[in-house]
Amino acid sequence: MSYDLLKTKNLTKVFESGFLRKTYIKAVDNVNIFLKEGEVVSLAGQSGSGKTTLAKMILRVLEPTSGEIIFKDKNIWRDLKGLKDLKWYWRNVHIIFQNPFSNFNPFYKVDRTLQQALELIGIDPDSHEGKQLIREALEVVGLRPDETLGKYPHQLSGGQLQRIMIARAWIIKPKLLLADEPVSMLDVSTRGKILELFLKLRDEQKTTVLFITHDFGLAYAVSDRVMIMYRGKIIEEGTPDEIFFNPKHKYTKELIESVPMLYRKWKFEL
């Protein structure tokens, strides 16, 4: 039986700007969500709705203005106190950002990103096990190790870099994977394989995936549950069929109208 892996309570983030005349933007507004062990939940909404801000607070890189985030019964801002606790948290909660270029230091080869993942789970990157695991992870995401390892970020495409970040997540096998538009830079054939990989993590490792997207068709295809975010609030949630075929909120209806007719007529399989 699944349990609540993570939940938020009245989570709010307000950004302040201006020097003489202050302005305040409420990016996340009193959000209460729960994520159960081993489910794929899509957080859908247009750009600027607050999705990435919510993800950064869950990742513990952006502090909330108010409210709580509870992971495995721990308040992540109150109860985690020190490097050991933070490493434990980031071993269990991992993110794949939309822009892969921001994840790589241009002065280091891409190998370093995968080696750091091994160190995080206690495996020596120079060991036979570590080297084999890196090669296996690259092959899982459709990259050839001999053509990828030893390269600098500028020598690879955005799609290749994104797949390396997904390979990193596959190595770590976190309990919660935050996937922020993770397939936006990938071609259609690779996109399907990566989505299958997320489902495999869910089925085999009981990984919970928060799939952050503005693509309603993808949200429908991969999700156990869908949440719609608009102007910092969760305005609607339910199963894909409930949201897709019986939307309640005007904004949700507008999102669905923007989805190609192919998605609205067929429940496709990956």
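By convention here, each chain's residues receive numbers from 1 onward along its written sequence. In keeping with the model being predicted, local features are shown solely for residues with a pLDDT of at least 70 and side-chain atom pairs are shown and tallied solely at 80 or more, while totals for entire chains, interfaces and linings include all residues. Based on all heavy atoms of the structure, the side-chain values leave hydrogens and waters out of the count.

### Some remarks on the sheet that holds strand 9 (residues 208-213)
Note: strands within a sheet are paired through backbone hydrogen bonds, in either parallel or antiparallel orientation. As a reminder of what qualifies: Between any two strands, pairing holds if DSSP finds at least two bridges. A run of H or I in DSSP counts as a helix once it spans at least four residues, and a run of E counts as a strand once it spans at least two, with each numbered from the N terminus. Orientation is described by axes fitted as lines to C-alpha atoms, over the contacting stretch for helices, and by angles from 0 to 180 degrees between their N-to-C directions.
Taken in spatial order, the six strands make up an open sheet running 7-8-9-4-10-11, and their pairing is mixed. Unpaired on one side and paired on the other, strand 7 (93-96) and strand 11 (233-238) mark the two borders of the sheet. Direction aside, neighbouring strands of the sheet carry axes that sit 20 degrees apart on average. Bridge count between strand 4 (residues 40-44) and strand 10 (residues 225-230): four bridges; the pairing is parallel. Considered in strand 10, the bridge of Ser42 is made with Val226.

### Concerning the pattern of salt bridges
Our working definition: Here, a salt bridge means any Lys or Arg side-chain nitrogen found within 4 Å of an Asp or Glu carboxyl oxygen. Three labels apply to residues, based on accessible area from a 1.4 Å probe with only protein chains included: buried if under 20% of the type maximum, exposed if over 50%, partly exposed otherwise in between.
Taken as a whole, this structure holds twelve salt bridges when the rule is applied. Ionic pairing is found between Lys26 and Asp29, a salt bridge with its closest N-O pair at 3.8 Å. The class for Lys26 is partly exposed, based on a relative accessible area of 44%. When salt bridges with common partners are traced through the structure, they connect Lys26, Asp29 and Lys233 into a single cluster.

### Some details on the environment of Ala44
Applicable threshold: Any two residues whose heavy atoms approach within 4.5 Å at even a single point are treated as in contact.
Examined against the element boundaries, Ala44 turns out to sit in strand 4. For Ala44, the contacting residues outside a window of four places in its chain are Lys51, Thr213, Phe216, Met227, Ile228 and Met229.

### Description of the packing of aromatic side chains
Where two aromatic rings form a pair, the distance of their centres and the angle of their planes describe that pair. To keep things clear, this is the line we draw: Each Phe, Tyr or Trp ring, with Trp reduced to its six-membered ring, pairs with another whose centre is within 6.5 Å; inter-plane angles below 30 degrees give stacked pairs, above 60 give edge-to-face pairs, and intermediate values give tilted ones. Should the NZ of a Lys or the CZ of an Arg lie within 6 Å of a ring centre and within 35 degrees of the ring normal, that charge is described as sitting over the ring.
A complete count under the given rule lists eight aromatic pairs for this structure. Arranged with centres 5.6 Å apart and planes meeting at 40 degrees, the rings of Phe216 and Phe244 form a pair that is tilted. Here Phe216, found in helix 8 (residues 216-222), pairs with Phe244, found in helix 9 (residues 240-245); they are 28 residues apart in sequence, far enough to count as distant. With a centroid separation of 5.3 Å and 70 degrees between ring planes, the pair formed by Phe244 and Phe245 is classed as edge-to-face. When its relative accessible area of 4% is taken as the criterion, Phe244 is described as buried. By the ring-pair criterion, three or more aromatic residues cluster together here, those being Phe216, Tyr220, Phe244 and Phe245. Seen from the ring of Trp88, Lys74 lies directly overhead, with NZ or CZ sitting 5.9 Å from the centre. Geometry around Tyr108 places Arg112 over its ring, the cationic atom sitting 3.9 Å from the centre.

### Quick look at the packing of helix 3 (residues 111-120) against helix 4 (residues 128-140)
Note the cut-off: An angle below 35 degrees is treated as roughly parallel, one above 145 as roughly antiparallel, one from 65 to 115 as roughly perpendicular, and anything else as oblique. Note on convention: near helix rotated counterclockwise from far helix by under a right angle means a left-handed crossing. Clockwise means right-handed. Polarity classes work like this: nonpolar for Ala, Val, Leu, Ile, Met, Phe, Trp, Tyr, Cys and Pro, charged for Asp, Glu, Lys and Arg, and polar for all others, with Gly in that last group.
Following both chains from N to C, one finds helix 3 and helix 4 inclined at 120 degrees, their axes separated by 10 Å at the closest point. Considering their axes alone, helix 3 and helix 4 lie oblique with respect to each other. Remark: the crossing between helix 3 and helix 4 carries right-handed chirality. Taken together, the residues of helix 4 that come into contact with helix 3 (itself represented by Leu114, Gln115 and Leu118) are Gly130, Leu133, Ile134 and Leu138. Taken together, the residues that form the contact of helix 3 with helix 4 break down as five nonpolar, two polar and no charged.

### Looking at helix 10 (residues 250-257)
Here is the rule: What the arc measures is the spread of directions leading from the helix axis to the C-beta atoms.
Every buried residue belonging to helix 10 is among Tyr251, Thr252, Leu255 and Ile256, and all of these are buried. Projected down its long axis, helix 10 carries its buried residues within an arc of 140 degrees, all on one side. Across helix 10 from its buried face, at more than 90 degrees, point the exposed residues Lys250 and Glu257.

### Section: unusual backbone geometry
What you tend to see is this: most non-glycine residues have negative phi, and most peptide bonds are trans. Positive phi, close to 50 degrees, is recorded for Asn10, a residue that is not glycine. Of note in the backbone geometry, Lys72 takes a positive phi value of approximately 50 degrees without being a glycine. On the secondary structure map, Lys72 appears in the loop between strand 5 (66-71) and strand 6 (74-75). Classification of Lys72 by relative accessible area gives partly exposed; the value is 30%.

### Section: the pairing of strand 4
Across the five residues that make up strand 4, a large majority, five, are buried. Strand direction decides the pairing type here: strand 4 and strand 9, joined by five bridges, are parallel. When the sheet's bridge partners are listed, Val40 is paired in strand 9 with Val209.

Take it as geometry only, folks, not as evidence of what the structure does.
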